[in-house]
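Chain residues, written in single-letter form:
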Amino acid sequence: SLFFMVKKRKIRCPQCGFLDTIKKGKRDGYSRYFCNNCKSYFTDRRAHISKQNMFVWFEKWVRDKQSISQISKASGYSERTLKRYFYKVLPTCPTWQIQKREKVNLLIDGTYFTNKVCLLLYRDHNIKMTILYRLTRQEALRDLKEDLQAIKDVGIEIESVTCDGAANVIRAVREVCPEAIIQRCTFHITNEICNWLTKKPKSEAARELRELVCYLSKVSNHKEAQLWMRAFVDWHTKHEEYINERSVDEETGKWWYTHKMLHRSATHIKRAIPNMFNYTRYPNIPKTSNSIESFFGHLKDHLRLHRGLSNEHFKDFVKWYLFLQSNQGKANKK
């Protein structure tokens, strides 16, 4: 007699997405399975499991830096099937809800993408989570005020705001939550001035200012902050004439600062000083927005992997990324 080997259909685990499963009897009339990979039990409800299986791979595509071709090899689904499903799910991202808490130390920053989309992010420094975001064209004052008001309307007290010093951000904070303490990001100040003065400044004044600014990151308490400000005042007094030196066009009469970048750097610091060292008096306040910059970096790494998305799919991908990285996404997964 002839025996035909029938290839049995493997059942995919809805928790981890792997096919390393074995049958373990029945439960409520449905076949019960055990996953050797994640050690979980599940029942074979076809439509439900199929939907969950596909979403597992969608989440890996969004969060885990995996291309569709890589997911296709790992999952057994064709690239065409995955694309069709992923693009169907992209527009269905759940509505973002502001998670209520008593008090926050906000980090606010925006980043621009090559397709002229701006992502405004509001993150809670204490729990390292996004509170609110906005996809827009620019950091407009109206949008910033609306977002800050939305956070306040939920009942959240905004104790402080750390930002890069953008005029619209500071103005919005002062108008919507004047009681909040503003902290200028010290890393942005250092980075901008070092770029303006270059790595090897030619003038003595520029060299001294660059050295002073590079020490800014080491200021950790109020006494050191006072010493730093005194050193800056002494530097400015010493080189004031050189900083303000002007050149004049004899024909038109127009003038400009001879040492433009040095003058710009000195002015930048003078404007920032009132909000530069608030973190030395209030320990809860972060002195930089580096964590939000790091978050932007990870997001852009993911987007580079998925080049070619249309504008709408691009925005939807960002929404899903933010949702899945948040507490809302983790709660939804559970």
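Draft legend 1. Quick peek at the nonpolar core. Grouped together as the largest cluster of nonpolar side chains are 59 residues, with contacts concentrated most on Trp61 and Leu106. For this core, the element with the highest residue contribution is helix 11 (residues 311–325), accounting for 8 residues. For Leu106, the contacting residues outside a window of four places in its chain are Tyr122, Arg123, Ile131, Leu148, Ile151, Ile158, Ser160, Val161 and Thr162. Ranked by size, the runner-up nonpolar core spans 24 residues in total, among them Leu197, Leu212, Val213 and Tyr279.

Draft legend 2. Geometry of the pattern of salt bridges. Following the criterion strictly, the structure yields 12 salt bridges and no others. Put simply, Arg134, Asp143, Glu146 and Asp147 are held in one network by salt bridges that share partners.

Draft legend 3. Focus on the sheet that holds strand 3 (residues 41–43). A sheet is described by the order of its strands in space; here 3 strands give the open sequence 1-2-3, paired in antiparallel fashion. Each edge of the sheet is formed by a strand with only one pairing partner; in this case those strands are strand 1 (21–27) and strand 3. When strand polarity is set aside, the average angle formed by the axes of neighbouring strands in this sheet is 30°. Where strand 2 (residues 30–35) and strand 3 come together, 3 bridges link them in antiparallel fashion. Across the sheet, residue Arg32 finds its bridge partner in strand 3, namely Thr43.

Draft legend 4. Structural detail: the sheet that holds strand 8 (residues 181–184). Pairing is mixed in the open sheet, where 5 strands are placed in the order 6-5-4-7-8. Among the strands making up the open sheet, the edge pair consists of strand 6 (129–136) and strand 8. Across this sheet, the average inter-strand angle for adjacent strands is 20°, counted without regard to direction. Packed onto the sheet, helix 4 (residues 141–153) meets strand 4 (103–112), strand 5 (118–124), strand 6 and strand 7 (157–163) and runs at close to 150° relative to strand 6.

Draft legend 5. Quick peek at the pairing of strand 4. Counted residue by residue, strand 4 has 8 buried out of 10 residues, so it is predominantly covered. Inspection of the sheet shows strand 4 paired to strand 7 by 5 bridges, in the parallel sense. Following the sheet pairing, Leu106 is matched in strand 7 by Val161. Of the pairings in the sheet, the one linking strand 4 to strand 5 comprises 7 bridges and is antiparallel in character. Bridging from a neighbouring strand, Asp109 pairs with Leu121 of strand 5.

Draft legend 6. Up close: the confidence of the model for the protein chain. For the protein chain, mean pLDDT is 89; residues scoring 70 or higher make up 92% of the total. This model gives residues 1–6 a pLDDT under 50, and the stretch forms 0 contacts once residues within four places in sequence are excluded.

Draft legend 7. How the structure looks around the environment of Leu303. Relative to the helices and strands, Leu303 resides in helix 10 (residues 290–305). As a C-alpha pair, Leu303 and Leu227 span 76 residues in sequence and 44 Å in three-dimensional space. Look past the residues within four positions of Leu303 in its chain and what remains in contact with it is Phe113, Phe314, Phe317 and Val318.

Draft legend 8. Structural context of the environment of Thr81. Looking at the element boundaries, Thr81 is found in helix 3 (residues 79–89). For Thr81, a relative accessible area of 25% gives the class partly exposed.

Draft legend 9. Highlighting the state of the cysteines. In the structure shown here, the tally under the stated rule is 0 disulfides. Free cysteine Cys177: the closest other cysteine sulfur is in Cys163, separated by 11 Å. Note on Cys177: relative accessible area 1%, which makes it buried. Of all cysteine sulfurs, the one in Cys163 lies closest to Cys185, which takes part in no disulfide; the gap is 8.7 Å.

Draft legend 10. Unusual backbone geometry, seen in detail. In the Ramachandran plot, Lys116 falls in the positive-phi region, its phi being about 65° despite a non-glycine side chain. Within the secondary structure, Lys116 is located in the loop between strand 4 and strand 5. Assessed through its relative accessible area of 61%, Lys116 is described here as exposed. In the Ramachandran plot, Thr198 falls in the positive-phi region, its phi being about 70° despite a non-glycine side chain. Taking relative accessible area as the criterion, Thr198 reaches 41% and is therefore assigned partly exposed.

Draft legend 11. Layout of the packing of helix 10 against helix 11. Relative to each other, helix 10 and helix 11 sit at 130°, their axes nearing to 11 Å. With respect to helix 11, the axis of helix 10 lies oblique. The chirality of how helix 10 crosses helix 11 is right-handed. On the side of helix 10, the interface is formed by Phe295, His298, Leu299, His302 and Leu303, while helix 11 contributes Phe314, Phe317, Val318, Tyr321, Leu322 and Gln325. Class assignment of the residues belonging to the contact of helix 10 with helix 11 gives a composition of 8 nonpolar, 3 polar and no charged.

Thresholds applied
Residues numbered from 1 in each chain as written. Predicted model: local features only at pLDDT ≥ 70, side-chain atom pairs only at ≥ 80, totals over all residues. Heavy atoms only, no water. Core = buried A, V, L, I, M, F, W, Y, C linked by side-chain atoms within 4.5 Å. Buried < 20%, exposed > 50% of the residue type's maximum accessible area, 1.4 Å probe, protein only. Helix = DSSP H or I, 4+ residues; strand = E, 2+ residues; numbered from the N terminus. Contact = heavy atoms within 4.5 Å. Salt bridge = Lys/Arg side-chain N within 4 Å of Asp/Glu carboxyl O. Pairing = 2+ DSSP bridges. Axes fitted to C-alpha atoms, helices over the stretch in contact; angles between N-to-C directions. pLDDT = per-residue confidence, 0-100. Disulfide = S-S within 2.5 Å. Parallel < 35°, antiparallel > 145°, perpendicular 65-115°, else oblique. Left-handed = near helix turned anticlockwise from the far one by under 90°. Nonpolar A, V, L, I, M, F, W, Y, C, P; charged D, E, K, R; others polar.

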